[in-house]
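One-letter residues, chain by chain:
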Amino acid sequence: MAYLELKNASKAYGKDIILIDQELIIDKPGMYFIVGPSGCGKSTLLSILANIQELSSGSFEKIGHSTVIFQNYELINELSILENIFFQKEKDMSSAQRALLKQLGIDVFKDRKVKHLSFGQRQRIGIARALAQDPDIVLCDEPTESLDKDNKTIVMQALKAYSQDRIVIIVSHDLSLIEKYYDVIYSFSDKRFIKVADRSSERKAFSKDKRPRTDLIHTCLKMTRKGSILLLVVLPIFILAIFFLYSFKEELFDIPKSTRALNAEYVYISTPTDLDTIRENFAYNAEAILPFEYMKNDKEKIRADIFPLHYQDGYEINGSLPSGAQVVINQLDTNYKIGDVITLEVGKIDIDVTISGVIYEPDALSFVIYYDLESLIAELGSYGEMLIEHPEAFEAQVRYDRIPVLLENQIVYAPFYELRAIMIADVDRYQMIFDGLLIVLMILGVVVSTILVNKDLKTFRYQSFILSSMAIDANTVKKLFLLERAIEFLVAMIMSYIICLLLNEHLFVLEDGSLAILALILLTANLIYIVSMILSLRIK
């Protein structure tokens, strides 16, 4: 019975031919050496025997499972020394596994970090890892290269002992070691290999002992921990940054859809003419008003909007409505309070008035002083009557959508509408800037996430390659990795959404629709991530 058999085997990389129509049969345990000049294809042949590479043509059959001892050690830095060897926790090790550590002299440095190990120590760990899986076939690529004499002896004696009832295949250039330990030598040259020496003897068949237990869940979690931290930290940071920027944009540049201000639907006309002319040309309901332009504070003139009060139910008022020499103000200037006396200037007359109340206008855009027209005319006496009989200022209530037409006349102004129009123009400009920043941040988030995911996948492929070379089912490892990453990604999304909800409750007031869209985006991102992982890892 052949344990390894190549038939009509050929291998090529494009036009570069490595192997031509070769046969190889290994039907008994022993130590097999493959020798030949550098670059002839020895390592490629080893990769084919390990099922890492496939033949271009021909067939390959193998009984039992194999492990690989790499030339470059190929240890996983995220795992401890013992986890690199046994893929399980130290407390779960058997007495046979502890004996293997002692045989290779690893027990004396088993608690060190992998990155602090010497070449010889790394190679011994690589050999221990291969043997710990109790493989039927061990494939070794220059296992003693760069080792000192003592380490070479330790390594070769362990492999020789193992080859008594298993197959050990070694690619090597060390002729002294080959001569000392070989059972069979194959020479590889000119794209062919031939048996050049054989001192093997009949050996007992492979042992069919149960394979050692491995803790794949613990191993996967440990070796992918660094990627997990990045996933659980970087993604929420970008999501929260985008949420903050979007929320600030909505909060800072939100234009109310309502127009809840007392003078929102009023236009004011400033020209010395009669009331009939104004009603004929502008609005039938126009009325003459007092032409206040300034208020005084410590003899300093302050520009203010000063209009007759047309109070409507539904507006909250603190204090009382004005009568006589009284006014009310809106909430936009907190420097003034009920009971304060201010001076208003109309024509050449100054009149002192008392603030009797504060009206809350939800959509007010500027500080406004409101007076009772009839009361203030009476306070001004004959001068007030003269101002109304020969008016220079008028007001008219019109539909809000008709105001732009009236504003085409230069003597008409509508402070609420005009301020709102300026604000809309400014908001549009700033929103474009914020939208640009949001796009940049989103692109940056996608780029950074893509780089991190690709790096994570690259690291995992390397780790998965090492595990599969130890005869551990690669598809199982990939499924565990995908499950771990999918759960972590979902946790990152849920955590981000909960934080966004809390921030929205205490700092912002986004509409429920915006939060629903955010939830949908996060869910979609999770699905895309999982699907891309499945496609990238080619999980069966």
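About the thresholds
- Residues numbered from 1 in each chain as written.
- Predicted model: local features only at pLDDT ≥ 70, side-chain atom pairs only at ≥ 80, totals over all residues.
- Heavy atoms only, no water.
- Helix = DSSP H or I, 4+ residues; strand = E, 2+ residues; numbered from the N terminus.
- Buried < 20%, exposed > 50% of the residue type's maximum accessible area, 1.4 Å probe, protein only.
- Contact = heavy atoms within 4.5 Å.
- Areas by Shrake-Rupley, 256 points an atom, 1.4 Å probe, with all protein chains shown as cover.
- Pairing = 2+ DSSP bridges.
- Axes fitted to C-alpha atoms, helices over the stretch in contact; angles between N-to-C directions.
- Salt bridge = Lys/Arg side-chain N within 4 Å of Asp/Glu carboxyl O.
- Polar contact = N/O pair within 3.5 Å; in protein donor to acceptor, adjacent residues only side chain to side chain.
- Patch = residues over 30% accessible without salt bridge, like charges linked within 9 Å, V, L, I, M, F, W, Y side chains within 5 Å.
- Core = buried A, V, L, I, M, F, W, Y, C linked by side-chain atoms within 4.5 Å.
- pLDDT = per-residue confidence, 0-100.
- Parallel < 35°, antiparallel > 145°, perpendicular 65-115°, else oblique.
- Nonpolar A, V, L, I, M, F, W, Y, C, P; charged D, E, K, R; others polar.
- Phe/Tyr/Trp six-rings, centres within 6.5 Å; stacked < 30°, edge-to-face > 60°.
- Lys NZ or Arg CZ within 6 Å of the ring centre and 35° of its normal.

In this section: the overall build of the chain. Helix and strand counts for the chain stand at 15 helices and 21 strands. Here the chain, with 540 residues, has 48% of them falling under the buried criterion. Within the chain, residue pairs in contact and separated by at least 24 positions form 76% of the contacts whose partners lie at least 6 positions apart. Surface accessibility of the chain: about 27,900 Å² in total, with carbon and sulfur atoms responsible for 55%.

What follows is about the sheet that holds strand 7 (residues 167–171). One key point about sheets: their strands pair by backbone hydrogen bonds, in either a parallel or an antiparallel sense. If you walk across this open sheet you meet the six strands as 5-6-7-3-8-9, and the pairing is mixed. The open sheet has two edge strands with one neighbour each: strand 5 (66–69) and strand 9 (192–198). In this sheet, adjacent strand axes meet at a mean angle of 20° when their direction is disregarded. Bridging between strand 3 (residues 30–35) and strand 7 involves five bridges; their strand directions are parallel. Along strand 7, the bridge assignment pairs Tyr32 with Ile169.

This part is about the pattern of salt bridges. Under the definition given, this model contains 14 salt bridges. As a salt-bridge pair, Glu287 and Arg279 come within 3.0 Å of each other at their nearest N and O atoms. According to the relative accessible area criterion, Glu287 is partly exposed, its value standing at 40%. For Arg279, a relative accessible area of 29% puts it in the partly exposed group. The partner of Asp426 in a salt bridge is Arg429, with the nearest N and O atoms 2.4 Å apart. On the criterion of helical spacing, the pair formed by Asp426 and Arg429 is a turn pair, its members being three residues apart in helix 13 (residues 415–469). Accessibility expressed as a relative area gives 27% for Asp426, which makes it partly exposed. Connected through shared salt-bridge partners, Lys296, Lys301, Glu345 and Asp350 make up one network.

Secondary-structure assignment places Gln326 in strand 16 (residues 326–330). The class for Gln326 is partly exposed, based on a relative accessible area of 26%. C-alpha of Gln326 to C-alpha of Thr354: the two residues are 28 residues apart in sequence and 4.7 Å apart in space. Reaching out from Gln326, the side chain makes a polar contact with the backbone nitrogen of Ser323 at a distance of 3.1 Å.

Pairing analysis gives four bridges linking strand 3 to strand 8 (residues 184–189), with the strands arranged parallel. Looking at the pairing, Val35 lines up with Ser187 of strand 8. Taking the residues that link successive antiparallel strands as the turn, the strand 8-strand 9 hairpin has two residues, and the phi of Asp190 there is positive, at about 50°.

Moving on, we come to a nonpolar patch on the surface. Taken together, the side chains of Leu483, Ile487, Val491, Met495 and Ile499 make up a nonpolar region of the molecular surface, amounting to roughly 400 Å² of accessible area. By the secondary structure assignment, Leu483 is in helix 14 (residues 474–506).

Next up on the list: the sheet that holds strand 1 (residues 4–13). If you trace the three strands from one edge of the open sheet to the other, you get 2-1-4, paired in antiparallel fashion. Each edge of the sheet is formed by a strand with only one pairing partner; in this case those strands are strand 2 (16–26) and strand 4 (57–62). The average angle at which neighbouring strand axes cross in this sheet is 25°, direction not considered.

Next up on the list: the nonpolar core. Note that soluble globular proteins tend to have their nonpolar side chains buried in a common cluster. Counting 51 residues, the largest nonpolar core has Phe33, Ile85, Ile106, Val138 and Leu159 as its most contacted members. Among the elements that line this core, the one with the most residues is helix 4 (residues 119–132), at six residues. The contact partners of Phe33, leaving out residues within four places of it in the chain, are Met156, Ile170, Ser172, Leu177, Ile178, Tyr181, Tyr182, Val184, Ile185 and Tyr186. Ranked by size, the runner-up nonpolar core spans 34 residues in total, among them Leu309, Ile355, Val368 and Tyr370.

On to the confidence of the model for the chain, then. Here the chain averages 83 in pLDDT, and 89% of its residues register 70 or above. No element of the chain has a lower mean pLDDT than helix 15 (residues 512–537), at 67, and none a higher one than strand 16, at 95.

It is at 10 Å that the axes of helix 4 and helix 5 (residues 149–162) come closest, and there the two elements cross at 10°. The angle between helix 4 and helix 5 places the two elements in the roughly parallel class. On helix 5, the residues that touch Gly120, Arg124, Ile127 and Leu131 of helix 4 are Asn151, Ile154, Val155, Ala158, Leu159 and Tyr162. When its residues are assigned to classes, the contact of helix 4 with helix 5 shows seven nonpolar, two polar and one charged.

Right, let's get into the packing of aromatic side chains. With the rule as written, the count across this model stands at eight aromatic pairs. The structure contains a cluster of three or more aromatic residues connected by ring pairs, namely Tyr186, Phe188 and Phe193. Of note, Arg199 hangs over the ring of Tyr182, and the distance from its end group to the ring centre comes to 3.7 Å. Across the ring face of Tyr315, the terminal group of Arg260 is positioned such that the distance to the ring centre comes to 5.2 Å.

So, on to helix 10 (residues 373–380). In an α-helix, one full turn covers 3.6 residues, which means residues spaced three or four apart are oriented alike. Within helix 10, the full set of buried residues consists of Ser375, Leu376, Ile377 and Leu380. Looking at the buried residues of helix 10, the elements they touch are strand 12 (292–297), strand 17 (341–346), strand 18 (349–360), strand 19 (368–371) and helix 11 (382–389). Trailing helix 10 by a residue or two, Gly381 shows a phi angle of about 65°, which is positive.

Let's shift gears to the environment of Tyr268. Of note, Tyr268 is situated in strand 10 (residues 266–270). For the pair formed by Tyr268 and Ala393, sequence separation is 125 residues and the distance between their alpha carbons is 7.2 Å. Ignoring anything within four residues of it in the chain, the contact list for Tyr268 reads Asn263, Ile289, Phe307, Phe394, Glu395, Ile411, Val412, Tyr413 and Pro415.

For Asp21, which is not glycine, the phi torsion reads 45° and is therefore positive. Position of Asp21 relative to the elements: it lies in strand 2. With a phi angle near 50°, Glu142 is a residue other than glycine that sits in the positive phi range. Along the chain, Glu142 turns up in the loop between strand 6 (137–141) and helix 5.

By the element assignment, Lys42 lies in helix 1 (residues 42–49). Leave out the neighbours within four places in its chain, and Lys42 touches Ile34, Val35, Gly36, Pro37, Val171, His173 and Phe188.

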